[in-house]
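Below, each chain spelled out in residue letters.
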Amino acid sequence: MNRKLGAAVFMMAACTFGPMTAAAQDDSAESSNFEVTGSNETATHECKPGSTVEITGESNKVTLTGECKSVNVNGSNNTVTVEATSAIDVTGMSNSVTWKRGHGKSKPKISRTGMNNKVVQAK
């Protein structure tokens, strides 16, 4: 599937979601994986070491505090702020992710697929 078609598919899927929800599932005492889905919502969530976060939807503003293992953003026009993570994966259109720091002294591994997605370090 080419990039433009893939981005269009994610955008259409993102538009079908209702209100933003977060579902936390504890895999162990040290990790908490969760999904954030919705449209036009604002939310703040705390990551624990080892957390994997999936954000899917349109025009959401999500702030992630603490240390996330990885952050995946799918959809369009989402704005995400991440305190710390090892990996950021962005798919879709016009998403913006700002990260403050990686784990340890390493920068996070960054992957962008789609159009006009921005991933930058906070200054």
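Just above, that's the structure.
Residues numbered from 1 in each chain as written. Predicted model: local features only at pLDDT ≥ 70, side-chain atom pairs only at ≥ 80, totals over all residues. Heavy atoms only, no water.

A. Expanded view of the nonpolar core. Counting residues in hydrophobic clusters, the biggest one holds 17 residues, and the most contacted among them are Ile55, Leu64, Val80 and Val97. Looking at this core, the elements that each hand over two or more residues are β2 (32-39), β3 (42-58), β4 (61-76), β5 (79-93) and β6 (96-101). Counting residues per element, this core draws most heavily on β4, at 5 residues. Sequence-distant contacts of Ile55, defined by excluding residues within four places in its chain, comprise Val36, Val62, Leu64, Val71, Asn72, Val73, Asn74 and Val80. (Core = buried A, V, L, I, M, F, W, Y, C linked by side-chain atoms within 4.5 Å. Buried < 20%, exposed > 50% of the residue type's maximum accessible area, 1.4 Å probe, protein only. Helix = DSSP H or I, 4+ residues; strand = E, 2+ residues; numbered from the N terminus. Contact = heavy atoms within 4.5 Å.)

B. Looking closely at the pattern of salt bridges. Scanning the model with the defined rule gives 2 salt bridges in all. Glu67 is the salt-bridge partner of Arg101, the closest N and O atoms lying 3.3 Å from each other. Remark: Glu67 occurs in strand β4 and Arg101 occurs in strand β6; sequence separation between them is 34 residues. Residue Arg101 is classed as partly exposed on the basis of its relative accessible area of 35%. Among the residues examined, Glu67 registers a relative accessible area of 28% and is labelled partly exposed. With a closest N to O distance of 3.8 Å, Arg101 and Glu83 form a salt bridge. (Salt bridge = Lys/Arg side-chain N within 4 Å of Asp/Glu carboxyl O.)

C. Representation of the environment of Val62. For Val62, the location among the structural elements is in strand β4. Note: C-alpha distance between Val62 and Val97 (35 residues apart in sequence) is 9.5 Å.

D. Looking closely at unusual backbone geometry. Positive phi, normally seen in glycine, also occurs at Ser94, with a value near 55°. Residue position: Ser94 is located in the loop between β5 and β6. One non-glycine residue, Asn116, lies in the positive phi region at around 60°. Residue position: Asn116 is located in the loop between β7 (109-115) and β8 (118-121). Looking at Asn116, the relative accessible area reads 60%, which means it is exposed.

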